[in-house]
Amino acid sequence: MDQYQQTEEQEIDLLELAQKLWRRRKTFYKVCGIAVVVALVIAYSIPKEYTVTVTLSPESGESGSGSLGGIASMMGMNLGGGNDADALNITLFPDILSSNPFALELYEMPVTVEDEEELKQMPLNEYIVSQQSPWWSWIMSLPGKAIGGILSLFKDEEEAGERVLDPFRLTRGESLKLGAIKSSMTANVDKKTGVTTITVTLQDPVVAATVADSVVRKLQDYVTDYRTRKAIDDSKYWEKLYQDRQAEYYAAQQAYASYVDENKSLYTRRSQVEGERLQNDMNLAYQVYSQTAQQLQLVRGKIQEAKPVFAVVNPATVPITPSAPRKLMILVGIVFLAFCGTAGWILFGEDAWRKMREATFNQPRN
């Protein structure tokens, strides 16, 4: 019986709360109307952004049990790095995109922007700072600009002239540009499938597609350079060794031929021994020269095998519709917050505020 009464009292309380809110429905109309206006102002003040997504499926080009490894083992040779794990794998792609060296490769990249129905070409670092911002960001930056203007009065004037970009010592402006370039690029890697999704978000659709395409190509070059660097160094070493062994073999061959021509009519034991020695030197030089040539060919093949293969599943295309701002979500979110805030104020806030005021003004004075 008591439980039934409690349930009935709760239903009565909820009904009273609903009636209280219904009696104040005009307040909801006003607040929600203001919220709609505020939401529209915010939504239309945020500049449009376009997102380009490129999907890659990278494949490792180097394996310890590959074809070249099998050929080398058949010849009694070892290319090295049999089962060593590759230090640069797909999980590092996000870190590569967020690194300063990679962003610096895009810093001076030329992009074409449509400015007042005219095509204008500029470096990416200039375009990235020329993008529009909401009006409130300009207001919020006023204190920083004022402080910077005051501090500039106490600094020596910089010498006129164009500054050469120094990656080791970047200025504050260059660091901000690099940060903006890095923040416009993201990479997500599915560790199970190995599929990498590269996303570029900018305010111009053509520039976004251009940058996305360049990011993919530079990422491929970056990884390829890393993966083949050691193989190229090995190739240079074996190339020099091959040339040295070739020169030694040709010299031994020439010495033996000259000796045979000069002593073809002599049949002394001493001449035979000398001829055999020169012939053995030539044969030994040829064996070393032949093995070096085989090793050089294997190392050259390893360069090609070490190159990673990227299958572009979804290439970069110029987007038609903007990805941001999502005006409908902004409108619904702000109106919902305004509705909940108004309801909370009517149900709980007003009573609490009234009690606090009464307690404050009704305190006895000494």
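Worth saying up front: this structure is predicted, and the values here are computed from it rather than measured.

How each quantity is defined
Residues numbered from 1 in each chain as written. Predicted model: local features only at pLDDT ≥ 70, side-chain atom pairs only at ≥ 80, totals over all residues. Heavy atoms only, no water. Axes fitted to C-alpha atoms, helices over the stretch in contact; angles between N-to-C directions. Helix = DSSP H or I, 4+ residues; strand = E, 2+ residues; numbered from the N terminus. Parallel < 35°, antiparallel > 145°, perpendicular 65-115°, else oblique. Contact = heavy atoms within 4.5 Å. Nonpolar A, V, L, I, M, F, W, Y, C, P; charged D, E, K, R; others polar. Patch = residues over 30% accessible without salt bridge, like charges linked within 9 Å, V, L, I, M, F, W, Y side chains within 5 Å. Areas by Shrake-Rupley, 256 points an atom, 1.4 Å probe, with all protein chains shown as cover. Salt bridge = Lys/Arg side-chain N within 4 Å of Asp/Glu carboxyl O. Left-handed = near helix turned anticlockwise from the far one by under 90°. Core = buried A, V, L, I, M, F, W, Y, C linked by side-chain atoms within 4.5 Å. Buried < 20%, exposed > 50% of the residue type's maximum accessible area, 1.4 Å probe, protein only. Phe/Tyr/Trp six-rings, centres within 6.5 Å; stacked < 30°, edge-to-face > 60°. Lys NZ or Arg CZ within 6 Å of the ring centre and 35° of its normal. pLDDT = per-residue confidence, 0-100. Expected span 1.5 Å × (residues − 1). Arc of directions from axis to C-beta. Disulfide = S-S within 2.5 Å. Lys, Arg positive; Asp, Glu negative; His and termini not counted. Charge placed at Lys NZ, Arg CZ, Asp CG, Glu CD.

1. Some remarks on the packing of helix α5 (residues 100-107) against helix α9 (residues 172-183)
At their nearest, the axes of α5 and α9 sit 10 Å apart, and the two run at 95° to each other. Relative to α9, the element α5 lies roughly perpendicular. Side by side, α5 and α9 meet where N100, A103, L104 and Y107 of the first sit next to E174, K177, L178, I181 and K182 of the second. Residues that form the contact of α5 with α9 fall into these classes: 5 nonpolar, 1 polar and 3 charged.

2. Here we look at a nonpolar patch on the surface
A cluster of nonpolar side chains, contributed by V37, V41, W135, W138, I139 and L142, occupies part of the molecular surface with about 590 Å² of accessible area. Among the elements that make up the nonpolar patch, the one with the highest residue count is helix α7 (residues 135-140) (3 residues). Within the fold, L142 resides in helix α8 (residues 142-153).

3. Digging into the packing of α5 against helix α10 (residues 205-262)
One can describe the packing of α5 onto α10 by two numbers: an axis separation of 11 Å at closest approach and a directional angle of 130°. Relative to α10, the element α5 is oriented oblique. Read as a crossing pair, α5 and α10 show a hand that is right-handed. Between α5, through F102, E105 and L106, and α10, the contact on the second element is made entirely by S214, V215, K218, L219 and Y222. Grouping the constituent residues of the contact of α5 with α10 by class yields 5 nonpolar, 1 polar and 2 charged.

4. Description of the nonpolar core
Counting 35 residues, the largest nonpolar core has V111 and V211 as its most contacted members. The element that contributes the greatest number of residues to this core is α10, accounting for 9 residues. Apart from residues lying up to four places away in sequence, V211 is in contact with M109, V111, L124, V200 and L202. Counting residues in hydrophobic clusters, the runner-up holds 7 residues, among them A252, M282, Y289 and L296.

5. Section: the packing of aromatic side chains
On inspection of all chains with the given rule, the structure shows 9 aromatic pairs. With 4.9 Å between their ring centres and 35° between their planes, F28 and F339 make a pair best called tilted. Taken together, the residues F28 in helix α2 (residues 25-45) and F339 in helix α12 (residues 327-361) connect sequence positions 311 residues apart. The ring of Y44 has K327 sitting right over it, with the charged end atom 4.9 Å from the ring centre.

6. Section: the confidence of the model for the protein chain
In the predicted model, the protein chain carries a mean pLDDT of 79, and the fraction of residues at 70 or more is 80%. Mean pLDDT values over the elements of the protein chain span from 40, in helix α3 (residues 67-74), up to 92, in strand β5 (residues 196-202). Long-range and interchain partners of residues 61-87, a stretch whose pLDDT sits below 50, account for 41 contacts in this model, where long-range means more than four residues apart.

7. Overview of α2
Between its terminal C-alpha atoms α2 stretches 30 Å, which fits the 30 Å expected from 21 residues at 1.5 Å a residue. When we look at burial in α2, the residues that qualify are F28, C32, A35, A39, A43 and S45. For α2, the arc enclosing every buried residue in end-on projection is 150°, short of the 170-degree limit, so these residues lie on one face. Facing away from the buried side of α2 by more than 90 degrees, the exposed set consists of K26, Y29, K30, I34, V37 and Y44.

8. Details of unusual backbone geometry
Residue A324 is joined to P325 through a cis peptide bond whose omega torsion reads 0°. The residue P325 is located in the loop between β6 (309-314) and α12 in this model.

9. So, α5
Burial in α5 covers these residues: F102, A103, L104, L106 and Y107. On its buried face, α5 is in contact with α4 (93-97), β3 (118-123), α6 (124-130), α9, β4 (185-189) and α10.

10. Describing the state of the cysteines
Should the sulfur atoms of two cysteines be covalently bonded, the bond is a disulfide. The final tally for this structure, using the stated rule, is 0 disulfides. Free cysteine C340: the closest other cysteine sulfur is in C32, separated by 9.4 Å. Taking relative accessible area as the criterion, C340 reaches 37% and is therefore assigned partly exposed.

11. Examining a negative patch on the surface
Taken together, the side chains of E114, D115, E117 and E118 make up a negatively charged region of the molecular surface. Structurally, the position occupied by E117 is in the loop between β2 (110-115) and β3. Classification of E117 by relative accessible area gives exposed; the value is 76%.

12. Some points on the environment of P322
By secondary structure assignment, the location of P322 is in the loop between β6 and α12. For P322, a relative accessible area of 37% translates into the label partly exposed. The spacing of P322 and P47 is 275 residues in sequence and 9.8 Å in space, taken between C-alpha atoms. Excluding anything up to four places from it in sequence, P322 contacts K48, E49 and Y50.

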